[in-house]
Every structure is written in C-alpha cells, then in structure tokens.
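# Commentary on secondary and tertiary structure
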Amino acid sequence: MAKAMPRIGSRRNGRIGSRKSARRIPKGVIHVQTSFNNTIVTVTDVRGRVVSWSSAGTSGFKGTRRGTPFAAQTAAANAIHTVIDQGMQRAEVMIKGPGLGRDAALRAIRRSGILLTFVRDVTPMPHNGCRPPKKRRV
C-alpha cells in the first residue's frame, strides 16, 4: 500500500490561524448593492482589493427579512466594524440598486465615524436597451 501523503494546508498542519497580517488602510471605497431581496456591503481599498464585506444574509437575516432596512443597516455596520480596526478614516460611498436598504445603509455608514468624501449613485440605467419584463399582475 502507498504511504499517505500529508495534505499541505490542512487543519492538522495548523495553517488555519496564520492569516496575512492586517495592513493599515487610511482611505477606501464602500460599495453598497441593494436589491429588493438582499443588501451587500463591500469595503475595498482605493485600488479595488476587497478588505471586508457583509450582507444581510450573513448578518443572520433569512427569507424576506433580508430586504428590510434594518437588515441593511446591520450589514453595513458589520462590514465597517472590521475596517475601522484597520485604521480607515476616509471613504467614498458607491450605492447601486433599487432596494429599501439604500438610506438605512448610508445612515449606518455615517454613524460609524468614517469621514465620507462623497456619495455616488452608480445604479445602471439603460439608454433604451433591452425590453423590460412584463409588469406584474397582483
């Protein structure tokens, strides 16, 4: 029988806890993507590398509660909490999507103490592109 080779990077080798050391990030970009079902908050550095992220689903909300403003507020607070520890003081905010959590997420970001340089709405708007889906009859 062949000898069992030890797996590199497995839990038994103890590499789970050896993450890269947290680098200092003075300025970053906060992307808030809201839909009617969920809110995703991603914090990146200026070059676009993801530093932290959170969503309403990972914050503990399931089902229809993920689309609520309170879930968006909690997701934004969770994403920003980790980058404040890494030294972020200034940020730009990009908001995308039509969801309910737009204002609530922005309110949570303002309350966190990070200085906002600007807030920009980057929701994609068609210039008469594809035909939209038919209207819902409820």
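Presented here is a report on the structure given in the accompanying data block. In this text the structure is predicted, and so the values were computed from the model without any measurement. (Residues numbered from 1 in each chain as written. Predicted model: local features only at pLDDT ≥ 70, side-chain atom pairs only at ≥ 80, totals over all residues. Heavy atoms only, no water.)

### So, the overall build of the protein
The secondary structure content of the protein amounts to 2 helices and 5 strands. Restricting to contacts in the protein with at least 6 residues of sequence separation, those with at least 24 account for 62%. (Helix = DSSP H or I, 4+ residues; strand = E, 2+ residues; numbered from the N terminus. Contact = heavy atoms within 4.5 Å.)

### Details of the pattern of salt bridges
A full pass over the atoms with the stated rule returns 3 salt bridges. When the shortest N-O distance is used, the salt bridge between E92 and K27 registers 3.0 Å. With E92 in strand β4 (residues 90-96) and K27 in strand β1 (residues 27-34), the pair connects residues that are 65 residues apart, well separated along the chain. Using a relative accessible area of 16% as the deciding quantity, one classes E92 as buried. For R102, the salt bridge identified is with D121, shortest N-O distance 3.3 Å. Of this pair, R102 sits in helix α2 (residues 101-111) while D121 sits in strand β5 (residues 115-121); the two residues are 19 residues apart in sequence, bridging distant segments of the chain. Relative accessible area serves as the criterion here: at 48%, D121 is assigned to the partly exposed category. (Salt bridge = Lys/Arg side-chain N within 4 Å of Asp/Glu carboxyl O. Buried < 20%, exposed > 50% of the residue type's maximum accessible area, 1.4 Å probe, protein only.)

### Concerning the pairing of β4
Burial analysis of β4 places 5 of its 7 residues in the buried class, which makes it a mostly covered element. As judged from the 7 bridges shared by β1 and β4, these two strands associate in the parallel manner. Each residue of the ladder has a partner; that of G28, found in β4, is A91. Pairing between β4 and β5: 6 bridges, direction parallel. Residue pairing in the sheet places E92 in a bridge with F118 of β5. With respect to chirality, the unit in which β4 leads through α2 into the neighbouring parallel β5 is right-handed. (Pairing = 2+ DSSP bridges. Right-handed = clockwise from strand over helix to strand, strands pointing away.)

### Let's talk about the sheet that holds β5
Note on sheets: strands pair through backbone hydrogen bonds, and any given pair is parallel or antiparallel. As summarised here, the arrangement of the 5 strands in space is β3-β2-β1-β4-β5, forming an open sheet in which the pairing is mixed. The open sheet has two edge strands with one neighbour each: β3 (50-55) and β5. Geometrically, the sheet is characterised by an average inter-axis angle of 15 degrees between neighbouring strands, direction not taken into account. Against the sheet, helix α1 (residues 69-85) makes contact with β1, β2 (39-45) and β3, and its axis sits at roughly 155 degrees relative to β3, the strand it touches most. Along the sheet, α2 contacts β1, β2, β4 and β5; its crossing angle with β5, the most-contacted strand, is approximately 165 degrees. (Axes fitted to C-alpha atoms, helices over the stretch in contact; angles between N-to-C directions.)

Structural measurements only, silent on function.
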